[in-house]
Amino acid sequence: MSELFDEASEIIELKRDLTLQDYKRFKEIQKNIPENEERNFAWLLEGLSLRLPEIAQKEGNYDWVEIKD
């Protein structure tokens, strides 16, 4: 896997609650992930969706979520 894929995986696997900065970095990686890794990246997107409540709790809302999420 690419370095970008590995970085996104590390974000999902963080033992602490995710932050808005983590979310933004993940979304930036998503835009640059190689086409041949998009199918595997879908698993990471699922993991991100499961962790959105952690960020929402800190932010107080879900206004920051991109529509595709």
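Above: the structure in question.
It should be emphasised that the depicted structure is a prediction, and the values quoted were computed from it without experimental measurement. (Residues numbered from 1 in each chain as written. Predicted model: local features only at pLDDT ≥ 70, side-chain atom pairs only at ≥ 80, totals over all residues. Heavy atoms only, no water.)

J.: Can you walk me through the overall build of the protein in this structure?
T.: The secondary structure content of the protein amounts to three helices and zero strands. Reading the helices (α) and strands (β) of the protein from amino to carboxyl end gives α-α-α. Radius of gyration (C-alpha) of the protein: 12 Å, near the 11 Å computed for a compact globule of 69 residues. Taken over the C-alpha atoms alone, the protein extends approximately 35 × 25 × 15 Å along its principal axes. (Helix = DSSP H or I, 4+ residues; strand = E, 2+ residues; numbered from the N terminus. Rg over C-alpha atoms; globule rule 2.2 N^0.38 Å.)

J.: Please explain the nonpolar core as it appears in this structure.
T.: One broad rule of soluble globular proteins: the nonpolar side chains tend to lie buried together. Ranked by size, the top nonpolar core spans 17 residues in total, and within it Tyr 23, Phe 26, Phe 41, Leu 44, Leu 48 and Trp 64 carry the most contacts. Of all elements in the fold, only helix H1 (3–12), helix H2 (20–32) and helix H3 (38–59) reach the threshold of two or more residues within this core. It is H3 that provides the largest number of residues to this core, a total of six residues. Setting aside chain neighbours within four positions, we find Leu 48 in contact with Ile 12, Leu 18, Tyr 23, Phe 26 and Lys 27. (Core = buried A, V, L, I, M, F, W, Y, C linked by side-chain atoms within 4.5 Å. Buried < 20%, exposed > 50% of the residue type's maximum accessible area, 1.4 Å probe, protein only. Contact = heavy atoms within 4.5 Å.)

J.: What should I look at first to understand the packing of aromatic side chains in this one?
T.: The description of two aromatic rings rests on the distance between their centres and on the angle between their planes. For the structure on display, the rule yields four aromatic pairs. For the ring pair Tyr 23 and Trp 64, a centre distance of 5.0 Å and an interplane angle of 75° mean the geometry is edge-to-face. With Tyr 23 in helix H2 and Trp 64 in the segment after H3, this residue pair connects regions lying 41 residues apart in the sequence. Cluster of aromatic residues (ring-pair linked, three or more members): Phe 5, Phe 26 and Phe 41. (Phe/Tyr/Trp six-rings, centres within 6.5 Å; stacked < 30°, edge-to-face > 60°.)

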